[in-house]
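One letter stands for each residue in the lines below.
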Amino acid sequence: MTGPGVQADHQIRAMIAAGQITAATPITKEQIQPASLDLRLGQNAYRVRASFLAGRNRTVRDRLADFQMHAVDLTGGAVLEKGCVYVVPLMERLALPKGMTAAASAKSSIGRLDLLTRIITDQGVEFDRVPEGYDGPLYVEICPRSFSVVAQPGQLLNQIIFRQGKTFMSDDALRALHAVTPIVSGTPVISDGLGFSVDLKPAQGSLVGYRAKPHTGVVDLSKLNHYDPAEFWEPVHTDAGWIILDPGAFYILVSREAIAIPPMQAAEMAPYLAMVGEFRVHYAGFFDPGFGYADAGGAGSRGVLEVRCHEAPFVLEHGQVVGRLVYEHMAAMPEALYGREIKSNYQGQGLKLSKHFRQA
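In this text, all values refer to a predicted model and were calculated from it rather than measured experimentally. (Residues numbered from 1 in each chain as written. Predicted model: local features only at pLDDT ≥ 70, side-chain atom pairs only at ≥ 80, totals over all residues. Heavy atoms only, no water.)

The nonpolar side chains of a soluble globular protein tend to be buried, and buried together. Within the largest apolar cluster, 50 residues are counted, with the highest numbers of intra-cluster contacts made by Ile160, Phe162 and Trp233. If sequence neighbours within four positions are ignored, Phe162 has contacts with Gly5, Val6, Gln7, Ile12, Met15, Ile21, Leu37, Leu94, Leu96, Met100, Thr101 and Ala102. Val198, Leu305, Phe314 and Leu325 belong to the second-largest nonpolar core, a separate cluster that totals 34 residues. (Core = buried A, V, L, I, M, F, W, Y, C linked by side-chain atoms within 4.5 Å. Buried < 20%, exposed > 50% of the residue type's maximum accessible area, 1.4 Å probe, protein only. Contact = heavy atoms within 4.5 Å.)

This part covers the pairing of strand 7 (residues 85-95). Remember that side chains alternate between the two faces of the sheet whenever the strand is regular. Counting buried residues in strand 7 gives eight out of eleven residues, a clear majority hidden from the surface. Sheet topology places strand 2 (residues 21-23) next to strand 7; three bridges connect them, and they run antiparallel. Bridge pairing in strand 7 places Ile21 opposite Leu94. Sheet topology places strand 4 (residues 44-48) next to strand 7; three bridges connect them, and they run antiparallel. Counted as the bridge partner of Tyr46 is Val87 from strand 7. Sheet analysis places strand 7 next to strand 11 (residues 135-144), joined by seven bridges and oriented antiparallel. From the neighbouring strand, Val87 faces strand 11, where its bridge partner is Glu141. (Helix = DSSP H or I, 4+ residues; strand = E, 2+ residues; numbered from the N terminus. Pairing = 2+ DSSP bridges.)

The next thing to look at is the sheet that holds strand 22 (residues 279-281). With respect to topology, five strands assemble into an open sheet ordered 18-16-20-24-22, the strand pairing being antiparallel. Among the strands making up the open sheet, the edge pair consists of strand 18 (233-237) and strand 22. Each neighbouring strand pair of the sheet contributes to a mean axis angle of 30 degrees, computed without reference to strand direction. Sheet topology places strand 16 (residues 207-212) next to strand 20 (residues 250-258); two bridges connect them, and they run antiparallel. (Axes fitted to C-alpha atoms, helices over the stretch in contact; angles between N-to-C directions.)

Moving on, we come to helix 2 (residues 60-67). Residues of helix 2 that are buried: Val60, Arg63, Leu64 and Phe67. Viewed along the axis of helix 2, the buried residues span an arc of 110 degrees, placing them on a single side of the element. Those residues of helix 2 hidden inside the fold are in contact with strand 4, strand 5 (68-73), strand 7, strand 9 (115-121) and strand 11. (Arc of directions from axis to C-beta.)

Turning our eyes to something else, we now look at the packing of aromatic side chains. Scanning the model with the defined rule gives nine aromatic pairs in all. Where Phe147 meets Phe232, the ring centres are 5.4 Å apart and the plane angle is 90 degrees; that geometry is what we call edge-to-face. Note that Phe147 is positioned in the loop between strand 11 and strand 12 (149-151) and Phe232 in the loop between strand 17 (219-220) and strand 18, a separation of 85 residues in sequence. According to the relative accessible area criterion, Phe147 is buried, its value standing at 1%. When the ring of Tyr227 is compared with that of Phe232, the centres are 5.4 Å apart and the planes differ by 75 degrees; the resulting orientation is edge-to-face. Relative accessible area serves as the criterion here: at 11%, Tyr227 is assigned to the buried category. Taking the ring centre of Phe127 as reference, the NZ or CZ of Arg118 above it sits at 3.6 Å. (Phe/Tyr/Trp six-rings, centres within 6.5 Å; stacked < 30°, edge-to-face > 60°. Lys NZ or Arg CZ within 6 Å of the ring centre and 35° of its normal.)

Let us look at the pattern of salt bridges. This structure, assessed with the given rule, holds 15 salt bridges. In this structure, the salt-bridge partner of Arg13 is Glu335, at a minimum N-O distance of 2.5 Å. Of this pair, Arg13 sits in helix 1 (residues 9-17) while Glu335 is found in the segment after strand 26 (321-329), placing the two residues 322 residues apart along the sequence. The exposure class of Glu335 is exposed, given its relative accessible area of 55%. Each of Arg129, Arg163, Glu268 and Glu328 takes part in salt bridges that share partners, so that together they form one network. (Salt bridge = Lys/Arg side-chain N within 4 Å of Asp/Glu carboxyl O.)

Looking now at the environment of Gln359. Tracing the backbone through its elements, the reader meets Gln359 in the segment after strand 26. Taking the C-alpha atoms as reference, Gln359 lies 36 Å from Val180; in sequence the two are 179 residues apart. If we ignore the near neighbours within four places in the chain, the residues touching Gln359 are Asn225, Lys352, Leu353 and Ser354. One polar contact links the side chain of Gln359 to the main-chain carbonyl oxygen of Ser354, over a distance of 3.4 Å. (Polar contact = N/O pair within 3.5 Å; in protein donor to acceptor, adjacent residues only side chain to side chain.)

The structure is reproduced here in structure tokens:
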């Protein structure tokens, strides 16, 4: 057993070899990222009446019997409709050893589509969290919020990391890390992680983000660099350094700061606290070792913010702190870094839509 920390790529491969991660269809090398494993959709989606957790002493299959409306065969591609909730069994299942937990999140491109995807487990009482020693199947709940999508088996919507023991860095450890290897441009705001703010005063022009259009066509998740952004998004401009968020609307914005994840760290973007504004930034998200790291070609990488406004219109101002990154120790150095040894769509990114849309 390894020491504490987030498991690196070669450790994930060892877990697969040991039967701690299994799948009926063999796991491919492309699924393994520097500090995470991409999870694949199974063949069938189940339309359900409402989102749910299994709850203690119950399985997801038990709850599907209560809430299932109909099954959808994803073979060849099927439409998952905006505003509906689906549960899809994943190809992978886990048999975690003692002392190991897991956590999941949507992949970057999926979050940027406002596609709410959350992992659920048997006996689960939290979304996207797998308890210590869990032995069982994995399911993903999918709720398209802005666009209906076409999905098919084998597609990668979610990623999962594996934590052995205590992995999270203290604020003091984070300050010490920044002193040696800067993790953010400018002066770091460190309190329960690294704070970051929104950029509403771009260096050039007045484009600060995009807002999802309310009535659009479907997005086929298999089609990359395909769709005209103008058919799905309205550009958001400002010369004033602030914008008003509309209730129920979904926005893509960008952080003011450039962020870096050194090779022996990983990070998770924590959901933002609602008490400081009528909006939510980023459902959740993992940053692999090497993201934004200069030696991996990532100097100047910004964090893309997925913002949804709640009940009341809200004024969002340039430089307003909107979220935080929680850094974690790696258990070992990854063999590959994000953006260097593996193809990475968002290394060195600024304001950018998902890879399904043609880039200007």
